[in-house]
Amino acid sequence: MKIGFLGLGDMGQAIIPRLLAAGHAVTGWNRTKEKAAPMFKLGMLWAGSPREVASESEIVFSIVTDSEAVRALALGENGIIAGLRKNAIYLDMSTIDPDVSRSVAAEFTKVGLIMMDAPISGTTLTLAKGNASLMVAGDKAAFDRVLPVLLAIGPKVTYIGAQGLAVQLKVALNMTLVIEVIGFCEGIALAEKGGVPREVAVDAFLKSVVASPVLNYRAPLILDGHISDATYGNVNLQQKDMLLALDLGRKMGVPVPLGAAANEMLNACRGLGLAHHDFVTVYEVYRRLGGMSK
Ligand code: NA7
């Protein structure tokens, strides 16, 4: 199929090779064109604006940082809405405010066009291994049409329901993920301060019932000296999702006390100048709070 792809950040660059490998023609666009170089080598084509990309595509994907970026791409000058064909489908994969997703989709509906929310659970590593899962919401008939393409991105594709519900679920899921990883950091620091070598503690956690996919790939970061990399998602990117979760909790009257506590640890990371690290750097904060030397 002819696919348009907007947003060539870490996630975009991990998804596009899978679409190309499945035999789809991909035309891309990114605010910063230089980032497209590795995708050109794989055969991706370029168009000059989101509008141009949309006008040439049967399916258009976007995956960009936040709500403002999605609004700009979808509804801004030379945006997707100005170019999308009547029978084409636009899917936004970004993790953004569900209300913004719904309001952008409503603009598409007004002019007889289809926008769906289709966030991904997983990192660039999960995508590369072919294990990513996608949650999709919006028009069910459109979902049935795009399903074969989505399966090229990841093998676990779930239809969630009405437009906005997939991204709502993704925010809840990411909040849980952050709480889980921060709980792991807290536990390892406690064991270590008590005299258990870090390697032994991590190994035991990963062999225990506490182990999970996210701990399996993130826990090693506190062992091999990669903690200072933004390997899978830096503190700022994860905190964006935590703030979305806290805001949803406030708006809907649902307490999220564990989310609030986890968010405080992300604040501490930022205060200590660790915001550019993968958020498992929370472990460093626990070490400092617990009086452990580097
Ligand atoms: P990255 O690697 O930080 O990439 C962010 C992308 O978003 C990148 O292509 C940016 O373009 C683009 N961006 C950001 N703001 C804008 C605006 N205002 N207009 C147009 N494009 C913009 O993030 P990931 O790929 O890891 O994650 C993307 C989403 O998936 C995010 O919601 C995650 O939570 C999940 P640039 O290259 O800077 O010009």
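Reading the values: rules and limits
- Residues numbered from 1 in each chain as written.
- Predicted model: local features only at pLDDT ≥ 70, side-chain atom pairs only at ≥ 80, totals over all residues.
- Heavy atoms only, no water.
- Helix = DSSP H or I, 4+ residues; strand = E, 2+ residues; numbered from the N terminus.
- Buried < 20%, exposed > 50% of the residue type's maximum accessible area, 1.4 Å probe, protein only.
- Contact = heavy atoms within 4.5 Å.
- Areas by Shrake-Rupley, 256 points an atom, 1.4 Å probe, with all protein chains shown as cover.
- Lys, Arg positive; Asp, Glu negative; His and termini not counted.
- Charge placed at Lys NZ, Arg CZ, Asp CG, Glu CD.
- Near = heavy atom within 4 Å.
- Polar contact = N/O pair within 3.5 Å; in protein donor to acceptor, adjacent residues only side chain to side chain.
- Nonpolar A, V, L, I, M, F, W, Y, C, P; charged D, E, K, R; others polar.
- Domains from an automatic or database assignment.
- Buried area = accessible area lost by both parts, 1.4 Å probe.
- Axes fitted to C-alpha atoms, helices over the stretch in contact; angles between N-to-C directions.
- Parallel < 35°, antiparallel > 145°, perpendicular 65-115°, else oblique.
- Expected span 1.5 Å × (residues − 1).
- Arc of directions from axis to C-beta.

K.L.:
Explanation requested: the overall build of the protein in the structure shown.
P.N.:
Per the secondary structure count, the protein includes 14 helices and nine strands. Per-residue burial over the protein gives 50% buried out of 294 residues. Within the protein, counting contacts between residues at least 6 apart in sequence, those at least 24 apart form 66% of the total. For the protein, the computed accessible surface area is about 12900 Å², with 58% contributed by carbon and sulfur atoms. Mean positive and mean negative side-chain charge positions of the protein (28 and 27 charges, respectively) differ by 2 Å.

K.L.:
How do you make sense of the site of the ligand when you look at a structure like this?
P.N.:
Looking at the ligand, there are 18 residues lining it, with Asp 10, Met 11, Asn 30, Thr 32 and Lys 35 nearest. Residue Met 11 places a main-chain N or O atom 2.9 Å away from an oxygen atom belonging to the ligand. A distance of 3.0 Å is found between an oxygen atom of the ligand and a backbone nitrogen or oxygen belonging to Thr 65. Burial of the ligand by the protein chains amounts to 83% of its free accessible area of 790 Å². Those elements that place two or more of their residues in the shell around the ligand are helix H1 (10-21), helix H4 (67-75) and helix H12 (235-252). For the shell around the ligand, a count of residues per class yields seven nonpolar, seven polar and four charged.

K.L.:
Before we go on, may I ask you to explain the domain arrangement of the protein in this structure?
P.N.:
For an interface, size is often stated in terms of accessible area lost upon the parts coming together. Under the domain assignment, the protein is made up of domain 1 (2-162) and domain 2 (169-289). When each unit is reduced to the centre of its C-alpha atoms, the spacing between domain 1 and domain 2 is 28 Å. Contact residues are listed per partner, giving 15 residues for domain 1 and 13 residues for domain 2. With both sides pooled, the region where domain 1 packs onto domain 2 buries about 1200 Å², and carbon together with sulfur makes up 68% of that total.

K.L.:
Explanation requested: the packing of helix H13 (residues 257-271) against helix H14 (residues 282-289) in the structure shown.
P.N.:
The geometry of a pair of packed helices is captured by two quantities: the angle between their axes and the separation between those axes. Running from N to C, H13 and H14 point in directions that differ by 85°, and their axes come no closer than 9 Å. Between H13 and H14, the crossing angle belongs to the class labelled roughly perpendicular. Across the interface between the two elements, Met 265, Leu 266, Ala 268 and Cys 269 from H13 touch Val 282, Val 285, Tyr 286 and Leu 289 from H14. In terms of residue class, the contact of H13 with H14 is made up of eight nonpolar, no polar and no charged.

K.L.:
Would you explain unusual backbone geometry in this entry?
P.N.:
Among all residues save glycine, negative phi is the norm, and among peptide bonds the norm is trans. Residues other than glycine seldom take positive phi values, yet Asn 78 does so here, at roughly 55°. Here Asn 78 is to be found in the loop between H4 and helix H5 (80-83).

K.L.:
In this structure, what is going on with helix H6 (residues 98-110)? I would like to understand it.
P.N.:
Two residues of an α-helix separated by three or four positions point the same way, owing to the 3.6 residues in each turn. For H6, spanning 13 residues, the distance from its first C-alpha to its last is 18 Å, which sits close to the expected 18 Å at 1.5 Å a residue. Buried within H6 we find Pro 98, Val 100, Ser 101, Val 104, Ala 105 and Phe 108. What you see down the axis of H6 is that its buried residues fit within an arc of 160°, all on one side. Exposed residues pointing more than 90 degrees away from the buried face of H6 are listed as Thr 109 and Lys 110. In this structure, the buried residues of H6 make contact with H4, H5, strand S5 (89-92), strand S6 (114-117), helix H9 (165-193) and H12.

K.L.:
It is not clear to me how the environment of Asn 216 should be interpreted in this structure. Could you clarify?
P.N.:
Within the fold, Asn 216 resides in helix H11 (residues 213-218). Sequence-wise, Asn 216 and Leu 206 are ten residues apart; in three dimensions their C-alpha atoms are separated by 6.6 Å. In contact with Asn 216, not counting residues within four places along its chain, are Leu 206 and Ala 211.

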